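# Examination of the molecular architecture
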Amino acid sequence: MNRRHIRAPRIYGWGQLVVAFTLCWQLAFGLMVSHSGVRPTGTLTGGAILLAGVIVMMVGRLGGGKQKGGSTP
């Protein structure tokens, strides 16, 4: 009841997958990579990908995806 309706579940799901991948990416670069030149680049790239995933999730909430017959509203 507290969550807004998601209008395009597939797009929202892809955004969630991108965010999950990015969190693993940042964990790998934050903890496992010890080279000082690569770590900031990896985490900055992860931040950009994270932002892209959040934007895709927002599009999934706001987008007017077409409903297929047989799906529940």
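These notes cover the structure that comes with them. Note that the structure is a prediction, hence the values are computed from the model and not measured.

## Let's talk about the overall build of the protein
In terms of regular secondary structure, the protein is built from 2 helices and 0 strands. The proportion of buried residues among the 73 residues of the protein is 18%. Put simply, 71% of the contacts in the protein that link residues at least 6 apart link residues at least 24 apart. Accessible surface, the protein as shown: approximately 5,800 Å² in total, 68% of it carbon and sulfur.

## Observations concerning the packing of aromatic side chains
One pass over the structure, following the stated rule, counts 2 aromatic pairs. When the ring of Phe 21 is compared with that of Trp 25, the centres are 5.9 Å apart and the planes differ by 50 degrees; the resulting orientation is tilted. Of this pair, Phe 21 and Trp 25 both sit in helix H1 (residues 9–32), 4 residues apart, which is roughly one turn of the helix. Centroid distance Trp 25 to Phe 29: 5.0 Å. Interplanar angle 35 degrees. Geometry classified as tilted. Of the two residues, Trp 25 and Phe 29 both sit in helix H1, 4 residues apart, roughly one turn of that helix. A residue is classified by how much of its surface remains accessible, and Phe 29, at 17% relative accessible area, is buried. Through a chain of ring-to-ring contacts, three or more aromatic side chains come together here, namely Phe 21, Trp 25 and Phe 29.

Procedures and definitions
- Residues numbered from 1 in each chain as written.
- Predicted model: local features only at pLDDT ≥ 70, side-chain atom pairs only at ≥ 80, totals over all residues.
- Heavy atoms only, no water.
- Helix = DSSP H or I, 4+ residues; strand = E, 2+ residues; numbered from the N terminus.
- Buried < 20%, exposed > 50% of the residue type's maximum accessible area, 1.4 Å probe, protein only.
- Contact = heavy atoms within 4.5 Å.
- Areas by Shrake-Rupley, 256 points an atom, 1.4 Å probe, with all protein chains shown as cover.
- Phe/Tyr/Trp six-rings, centres within 6.5 Å; stacked < 30°, edge-to-face > 60°.

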